[in-house]
Amino acid sequence: MADSTRTNEQPTETPPRKLAVTLECFVKNADRYLMLCRNPKKRIMPGVWMGPGGHREECEGLFECARREIREETGLLIRNLQVRAVGVAYMRDLNLELHFHLLTADHAGGELVESPDDGEFVWLTAEQILNLDHLLSELRHVLPHVFGKDERVVSYRAVYQAGNEMTEFALEDDGREC
């Protein structure tokens, strides 16, 4: 018969999850999109390729945030903003849940400025982006929708074990008939 008494065990508590609201904006100039290879010294996703973007500030609108982040990080002005995807990614190693939007926008002016603290900016075609080593894992699944002609917004979720090691990905069904 098993002993059901407990010794001085303390219940283990799951630490509260940390949440962040972010965006990536794929700025287009002719047939190329601006990509960022994150600085290898970054805490989150070092050396990983993604679109420029960042965290939304308190009570900041989505397009307002995209314009601010692109201007601050790159020196560029943007127009024709479109939401292309929404998603959530959980980073197990950091106990961090990111809620984000992926947008496209057209280059509207300004000169690209280097930002070594953020990483290296490069203009690439959609094909070149999808062939990058160290592309943010979820983008391999989502960018064909983001860069495609279908204007529907897609929704997805991703789980990362550590760094860019994605262990789960699911594109949600919007219930529309084809």
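Look up: the structure comes first, before these words.
An account of the accompanying structure is given in this report. All values reported here derive from a predicted model rather than from experimental measurement.

1. Here's the deal with the overall build of the protein
- Helix and strand counts for the protein stand at three helices and nine strands.
- When the backbone C-alpha atoms are referred to their principal axes, the protein occupies close to 75 × 45 × 35 Å.
- When each of the 178 residues of the protein is scored for burial, the buried share is 41%.
- Restricting the contact set of the protein to residue pairs at least 6 apart, pairs at least 24 apart contribute 65%.
- Taken as a whole, the protein presents about 10,800 Å² of accessible surface, with 48% of it coming from carbon and sulfur.

2. Observations concerning the nonpolar core
- F26, L102, I129, L139 and V146 are the most contacted members of the largest nonpolar core, which totals 31 residues.
- Of all the secondary-structure elements, those providing two or more residues to this core are β1 (18-29), β2 (32-38), β3 (49-50), β5 (77-91), β6 (96-109), α3 (137-147) and β8 (154-162).
- With five residues, α3 is the single largest residue contributor to this core.
- Among residues more than four places away in sequence, those in contact with F26 are Y33, M35, G51, L102, L103, T104, A105, L139, L143, V146 and F147.

3. Examining helix α1 (residues 62-74)
- Relative to the 18 Å expected for 13 residues at 1.5 Å per residue, α1 spans 18 Å between its end C-alpha atoms, a close match to the ideal helical length.
- Looking at the buried positions of α1, the neighbouring elements they touch are β1, β2, β4 (53-55), β5, β6 and β7 (119-124).
- At the exit of α1 stands G75, carrying a positive phi of roughly 85°.

4. With respect to the packing of aromatic side chains
- Summed over the entire model, instances satisfying the criterion amount to four aromatic pairs.
- Consider the rings of F26 and F147, whose centres lie 5.7 Å apart with planes at 90°: the pair is edge-to-face. Here the residue F26 occupies a position in strand β1, and F147 occupies one in helix α3, the gap between them amounting to 121 residues. Taken individually, F26 and F147 each receive the classification buried, so the pair is uniform in this respect.
- Among the aromatic residues, those joined into a cluster by ring pairs are F26, Y33 and F147.

5. Some remarks on the pairing of β8
- When β5 meets β8, the two strands line up parallel, connected through seven bridges. Across the sheet, V88 pairs through a bridge with R157, a residue of β8.
- Where β8 and strand β9 (residues 165-171) come together, six bridges link them in antiparallel fashion. Within β9, the position partnered with Y156 by the bridge is L171.
- Where β8 hands over to β9, the hairpin turn is made up of two residues, of which G163 adopts a positive phi near 55°.

6. Some points on the environment of D150
- With respect to the secondary-structure elements, D150 resides in the loop between α3 and β8.
- Measuring from C-alpha to C-alpha, the distance between D150 and R84 comes to 9.4 Å, with 66 residues separating the pair along the chain.
- Not counting residues within four places of it along the chain, the set of residues in contact with D150 comprises R84 and H145.
- Polar contacts involving the side chain of D150 include one to the main-chain amide nitrogen of R152, which spans 3.0 Å.

7. Considerations on the pairing of β2
- Across the seven residues that make up β2, a large majority, six, are buried.
- In this sheet, β2 lies alongside β1 in antiparallel orientation, the contact comprising two bridges. Within β2, the residue paired with N29 across the bridge is R32.
- With antiparallel pairing between neighbouring strands as the criterion, β1 and β2 make up a hairpin whose turn holds two residues, including A30 at a positive phi of roughly 60°.
- Across six bridges, the pairing between β2 and β7 is antiparallel. Residue pairing in the sheet places R38 in a bridge with G119 of β7.
- Direction of pairing for β2 relative to β3: antiparallel, over a ladder of two bridges. Among the inter-strand pairings, C37 is bridged to a residue of β3, identified as W49.

Procedures and definitions
- Residues numbered from 1 in each chain as written.
- Predicted model: local features only at pLDDT ≥ 70, side-chain atom pairs only at ≥ 80, totals over all residues.
- Heavy atoms only, no water.
- Helix = DSSP H or I, 4+ residues; strand = E, 2+ residues; numbered from the N terminus.
- Buried < 20%, exposed > 50% of the residue type's maximum accessible area, 1.4 Å probe, protein only.
- Contact = heavy atoms within 4.5 Å.
- Areas by Shrake-Rupley, 256 points an atom, 1.4 Å probe, with all protein chains shown as cover.
- Core = buried A, V, L, I, M, F, W, Y, C linked by side-chain atoms within 4.5 Å.
- Expected span 1.5 Å × (residues − 1).
- Phe/Tyr/Trp six-rings, centres within 6.5 Å; stacked < 30°, edge-to-face > 60°.
- Pairing = 2+ DSSP bridges.
- Polar contact = N/O pair within 3.5 Å; in protein donor to acceptor, adjacent residues only side chain to side chain.

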